[in-house]
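Reading the structure
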Amino acid sequence: MTQQYIQQLTVFLKGGQNIVVPFASEKADTLNPQIDAFLKALGEADKRDKNFLFQGARVVLVRLADVSAVDVVSLVRKDEPAAAKA
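Residues numbered from 1 in each chain as written. Predicted model: local features only at pLDDT ≥ 70, side-chain atom pairs only at ≥ 80, totals over all residues. Heavy atoms only, no water.

Moving on: the overall build of the protein chain. Each helix and strand counted, the protein chain has 1 helix and 5 strands in total. Reading the protein chain from its N terminus to its C terminus gives the helix and strand order β-β-α-β-β-β. Taken against the 2.2 N^0.38 rule, which gives 12 Å for 86 residues, the C-alpha radius of gyration of the protein chain at 16 Å runs more than 25% over that of a compact globule. Considered along the principal axes of its C-alpha atoms, the protein chain spans approximately 65 × 25 × 20 Å. Contacts spanning at least 24 positions in sequence make up 52% of the contacts within the protein chain whose residues lie at least 6 apart. Surface summary for the protein chain: the accessible area is close to 6,000 Å², and the carbon and sulfur share equals 51%. For the protein chain, the distance from the average site of its 11 positive side-chain charges to the average site of its 10 negative ones is 3 Å. (Helix = DSSP H or I, 4+ residues; strand = E, 2+ residues; numbered from the N terminus. Rg over C-alpha atoms; globule rule 2.2 N^0.38 Å. Contact = heavy atoms within 4.5 Å. Areas by Shrake-Rupley, 256 points an atom, 1.4 Å probe, with all protein chains shown as cover. Lys, Arg positive; Asp, Glu negative; His and termini not counted. Charge placed at Lys NZ, Arg CZ, Asp CG, Glu CD.)

This paragraph deals with a nonpolar patch on the surface. On the surface, Leu 53, Val 59 and Leu 61 cluster together to form a nonpolar patch covering roughly 290 Å² of accessible area. Checked against the element boundaries, Leu 61 lands in strand S4 (residues 60-63). (Patch = residues over 30% accessible without salt bridge, like charges linked within 9 Å, V, L, I, M, F, W, Y side chains within 5 Å. Salt bridge = Lys/Arg side-chain N within 4 Å of Asp/Glu carboxyl O.)

Turning our attention to the sheet that holds strand S1 (residues 2-13). A sheet is described by the order of its strands in space; here 3 strands give the open sequence S2-S1-S5, paired in antiparallel fashion. Edge positions in the sheet fall to strand S2 (18-25) and strand S5 (67-79), since each has one partner strand and no second. Taking each pair of neighbouring strands and ignoring which way they run, the sheet shows an average axis angle of 20°. Direction of pairing for S1 relative to S2: antiparallel, over a ladder of 8 bridges. Bridge pairing in S2 links Phe 12 to Asn 18. Along the sheet, helix H1 (residues 33-42) makes contact with S1, S2 and S5, crossing S5 at roughly 165°. (Pairing = 2+ DSSP bridges. Axes fitted to C-alpha atoms, helices over the stretch in contact; angles between N-to-C directions.)

Right, let's get into the side chain of Asn 32. Counting through the fold element by element, Asn 32 comes out in the loop between S2 and H1. In contact with Asn 32, other than residues within four places in its own chain, are Gln 7, Phe 23, Ala 24 and Ser 25.

For the rest of this paragraph, the subject is the pairing of strand S3 (residues 51-54). Looking along a regular strand, one sees side chains alternate from face to face of the sheet. Only one face of S3 is buried, namely the one carrying Phe 52 and Phe 54, since none of Asn 51 and Leu 53 on the opposite face is buried. By the bridge criterion, 4 bridges tie S3 to S4 in an arrangement that is antiparallel. Looking at S4, one finds that Leu 53 is bridged to Leu 61. Between the antiparallel neighbours S3 and S4 lie 5 residues, among them Gly 56 with a positive phi of about 150°. (Buried < 20%, exposed > 50% of the residue type's maximum accessible area, 1.4 Å probe, protein only.)

This is the structure in structure tokens:
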């Protein structure tokens with residue numbers, strides 16, 4: 001059985017929209033580097049009027065000033081081997 005860790009980032013915007021972006025992760029308890037950089041950028045006052053670009057299979061651009069809240073959920077996907085046919 002193999003395990004794959006996925007972190008789902010939900011960005012809540014002031015206008016009421018939600019953006020959901022999935023990321024692969026090495027461990028369930030360690031944030032993906034892009035999520036970590038995004039959270040740090042949100043906390044820096046000099047970056048509030050700038051944009052943050054998520055890159056990967058899905059490219060997402062977020063204006064940091066429009067973010068009202070963020071939620072990160074770590075998920076574990078377990079692949080079980082196919083059952084042997086009799």
